[in-house]
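Chain by chain, the residues:
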2 protein chains.
Amino acid sequence: MSAGREVRDAVLSGYMAERGLKTTRQRTLIIDTFFEVGGHLSVEELWGRVRGRDTRVSVATVYRTMKLLAESGLVHAQNFGDGQARYEVAVGREHHDHLICTGCGAIVEFENDRIEALQEAVARRHGFQVRSHKMELYGLCRNCQRG
Amino acid sequence: MSAGREVRDAVLSGYMAERGLKTTRQRTLIIDTFFEVGGHLSVEELWGRVRGRDTRVSVATVYRTMKLLAESGLVHAQNFGDGQARYEVAVGREHHDHLICTGCGAIVEFENDRIEALQEAVARRHGFQVRSHKMELYGLCRNCQRG
DNA sequence: CTCAGTGCAAAGTCTTTGCACGATT
DNA sequence: AATCGTGCAAAGACTTTGCACTGAG
């Protein structure tokens, strides 16, 4: 994934330079931690992991940093119905959707071009011009079906 | 839609009788108002309409009543990303998904069996047993595309 | 008469924000 | 040195809840 990291750093550096944003200890730590985990993290969860490495980071900064990443296009905010926003890596990836296990909370990503095509067709039929979409399938993963 | 109303009343009466719940002025008013509008209402919006008819109803009661309806299976809570829950009629209807206009907020419902079938297939391929799903297409409706 | 329901305000979540201090460019 | 960033706590938005009073059955 070093290629991924390069893309990420390039996008982020460009965005920050362009806006005169500064590179701080907190931002670096939060961003590195987030991308190491790979996404689907809530702010609270991310904050937990960040504090494991440096206690002197406040939640407010994590909120602010994730918002910044979202604005730069590096991540997307998602909402899986548990009341808190979850972020996932957005840059350098195809669009995808989610399978969410209601038992253990596992999140599996998938893509399906046929579904996307059908979505487009449905939208067109209703006169809509689709900009984005969101599809989530909730159920039990293989492990949780045994419970 | 008088048939719809009968189904609704039967489901609700059954549910209430079974649990010893009482029929009150507030509940009747909230429920009637909600079903007259037909759904996709947030609590705040519904409260507004209810208060138009009777000022003596509190938001808390609207929250409690909608929660009751959701538990009885008459309505479903949805979350279209604007930060507040929206309820829609659930009983006596097929599953459906939503097209949401990011311009004017219009919400259009649709169903598509082929998409549902593909969703099932995807889930099976990942070992998931799907219980429910949610699909939203965001974009501009015909009118808003002119803007 | 009894127990559920209601109004009100307080409390709970998650998230944002104002302000004074601290760090980066 | 000039700004932007951070921590902290307060404030916001939405929703839930405790409590004393009201009303349905």
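Our subject in this report is the structure included herewith. (Residues numbered from 1 in each chain as written. Chains lettered and ligands numbered in written order. Predicted model: local features only at pLDDT ≥ 70, side-chain atom pairs only at ≥ 80, totals over all residues. Heavy atoms only, no water.)

Describing the sheet that holds strand β2 (residues 75–79) of chain A
Residue and element names in this part refer to chain A.
Part 1 of the argument: As summarised here, the arrangement of the three strands in space is β1-β3-β2, forming an open sheet in which the pairing is antiparallel. Looking at which strands have only one partner, the edges of the open sheet turn out to be β1 (39–42) and β2. The sheet shows a mean angle of 30° between the axes of neighbouring strands, direction not considered.
Part 2 of the argument: Relative to strand β3 (residues 85–89), β2 runs antiparallel, the two being bridged by five bridges. (Pairing = 2+ DSSP bridges. Helix = DSSP H or I, 4+ residues; strand = E, 2+ residues; numbered from the N terminus. Axes fitted to C-alpha atoms, helices over the stretch in contact; angles between N-to-C directions.)

What about the side chain of Glu88 of chain A?
All names here are of chain A.
Part 1 of the argument: In this structure, Glu88 sits in strand β3.
Part 2 of the argument: It turns out Glu88 is buried and unbridged, and the closest side chain with the opposite charge, Arg93, is 4.7 Å from it.
Part 3 of the argument: A polar contact of 3.0 Å, which involves the side chain of Glu88, links it to the side chain of His96.
Part 4 of the argument: Aside from chain neighbours lying at most four places away, what touches Glu88 is Phe34, Gly39, His40, Leu74, Val75, His76, Gln78, His96, His98 and Glu109. (Buried < 20%, exposed > 50% of the residue type's maximum accessible area, 1.4 Å probe, protein only. Lys, Arg positive; Asp, Glu negative; His and termini not counted. Salt bridge = Lys/Arg side-chain N within 4 Å of Asp/Glu carboxyl O. Polar contact = N/O pair within 3.5 Å; in protein donor to acceptor, adjacent residues only side chain to side chain. Contact = heavy atoms within 4.5 Å.)

A short note on the packing of aromatic side chains
Residue and element names in this part refer to chain A.
Part 1 of the argument: Taken as a whole and judged by the stated rule, the model has two aromatic pairs over all chains.
Part 2 of the argument: On the basis of an interplanar angle of 90° and a centroid distance of 5.3 Å, the ring pair of Phe34 and Phe35 is categorised as edge-to-face.
Part 3 of the argument: Take Phe34: its relative accessible area is 0%, and that puts it in the buried class.
Part 4 of the argument: The aromatic ring of Trp47 is capped on one face by Arg51, whose charged end is 3.6 Å from the ring centroid. (Phe/Tyr/Trp six-rings, centres within 6.5 Å; stacked < 30°, edge-to-face > 60°. Lys NZ or Arg CZ within 6 Å of the ring centre and 35° of its normal.)

Here's the deal with the relation of the copies chain B and chain A
Part 1 of the argument: Mapping chain B onto chain A calls for a screw motion: a turn of 180° about the axis and a shift of 0.0 Å along it, with 0.1 Å RMSD after fitting. Within this description, the copies of the chain are treated as partners about a two-fold rotation axis. Of the C-alpha atoms belonging to chain B, the one lying closest to the rotation axis is found on Met135 of chain B, 2.1 Å away.
Part 2 of the argument: Counting the interface residues of chain B, we find that 100% of their copies in chain A are interface residues as well, pointing to one common contact surface. (Least-squares fit on C-alpha atoms with pLDDT ≥ 70 in both.)

Description of a positive patch on the surface
Part 1 of the argument: A surface patch of like charges, here positive, comprises Arg114, Arg124 and Arg125 of chain A together with Arg114, Arg124 and Arg125 of chain B.
Part 2 of the argument: Elements that contribute at least two residues to the positive patch include exactly α5 (113–125) of chain A together with α5 (113–125) of chain B.
Part 3 of the argument: Mapping Arg124 of chain A onto the fold places it in helix α5. (Patch = residues over 30% accessible without salt bridge, like charges linked within 9 Å, V, L, I, M, F, W, Y side chains within 5 Å. Areas by Shrake-Rupley, 256 points an atom, 1.4 Å probe, with all protein chains shown as cover. Charge placed at Lys NZ, Arg CZ, Asp CG, Glu CD.)

As for the environment of Asn112 of chain B
Part 1 of the argument: Mapping Asn112 of chain B onto the fold places it in the loop between β5 (107–110) and α5.
Part 2 of the argument: The class of Asn112 of chain B is buried, set by a relative accessible area of 10%.
Part 3 of the argument: Sequence separation between Asn112 of chain B and Asp97 of chain B is 15 residues, and the spatial gap between their C-alpha atoms is 8.4 Å.
Part 4 of the argument: Those residues in contact with Asn112 of chain B that lie beyond four places of it in its chain are Val122 and Arg125 of chain A.
Part 5 of the argument: A polar atom in the side chain of Asn112 of chain B sits 3.0 Å from the backbone nitrogen of Ile115 of chain B.

Here we look at helix α2 (residues 25–37) of chain A
All names here are of chain A.
Part 1 of the argument: Look at α2: 18 Å from first C-alpha to last across 13 residues, which is about the 18 Å you get at 1.5 Å a residue.
Part 2 of the argument: Looking at α2, one finds that the buried residues are Leu29, Ile30, Ile31, Asp32, Thr33, Phe34 and Phe35.
Part 3 of the argument: Just downstream of α2 lies Gly38, where phi reads positive at about 100°. (Expected span 1.5 Å × (residues − 1).)

Digging into the protein's contact with DNA strand C
Part 1 of the argument: The environment of DNA strand C is formed by 20 residues, the closest being Ala85 of chain A together with Thr24, Arg27, Arg56 and Thr61 of chain B.
Part 2 of the argument: If you look at DNA strand C and keep only atoms within 4 Å of the protein, 72% of those are sugar or phosphate atoms.
Part 3 of the argument: With respect to DNA strand C, the backbone of Ala85 of chain A contributes an N or O atom lying 2.7 Å from a phosphate oxygen.
Part 4 of the argument: Elements with a contribution of two residues or more to the surface near DNA strand C: α4 (59–72) of chain A together with α2 (25–37) and α4 (59–72) of chain B.
Part 5 of the argument: Split into classes, the residues belonging to the surface near DNA strand C amount to six nonpolar, eight polar and six charged. (Near = heavy atom within 4 Å. Nonpolar A, V, L, I, M, F, W, Y, C, P; charged D, E, K, R; others polar.)

Here's the deal with the environment of Val62 of chain A
All names here are of chain A.
Part 1 of the argument: With respect to the helices and strands, Val62 occurs in helix α4.
Part 2 of the argument: What makes Val62 buried here is its relative accessible area of 0%.
Part 3 of the argument: In sequence terms Val62 and Glu44 are 18 residues apart; their C-alpha atoms lie 8.6 Å from each other.
Part 4 of the argument: Apart from the residues within four sequence positions on either side, Val62 is in contact with Ile30, Val43, Leu46, Trp47 and Val57.

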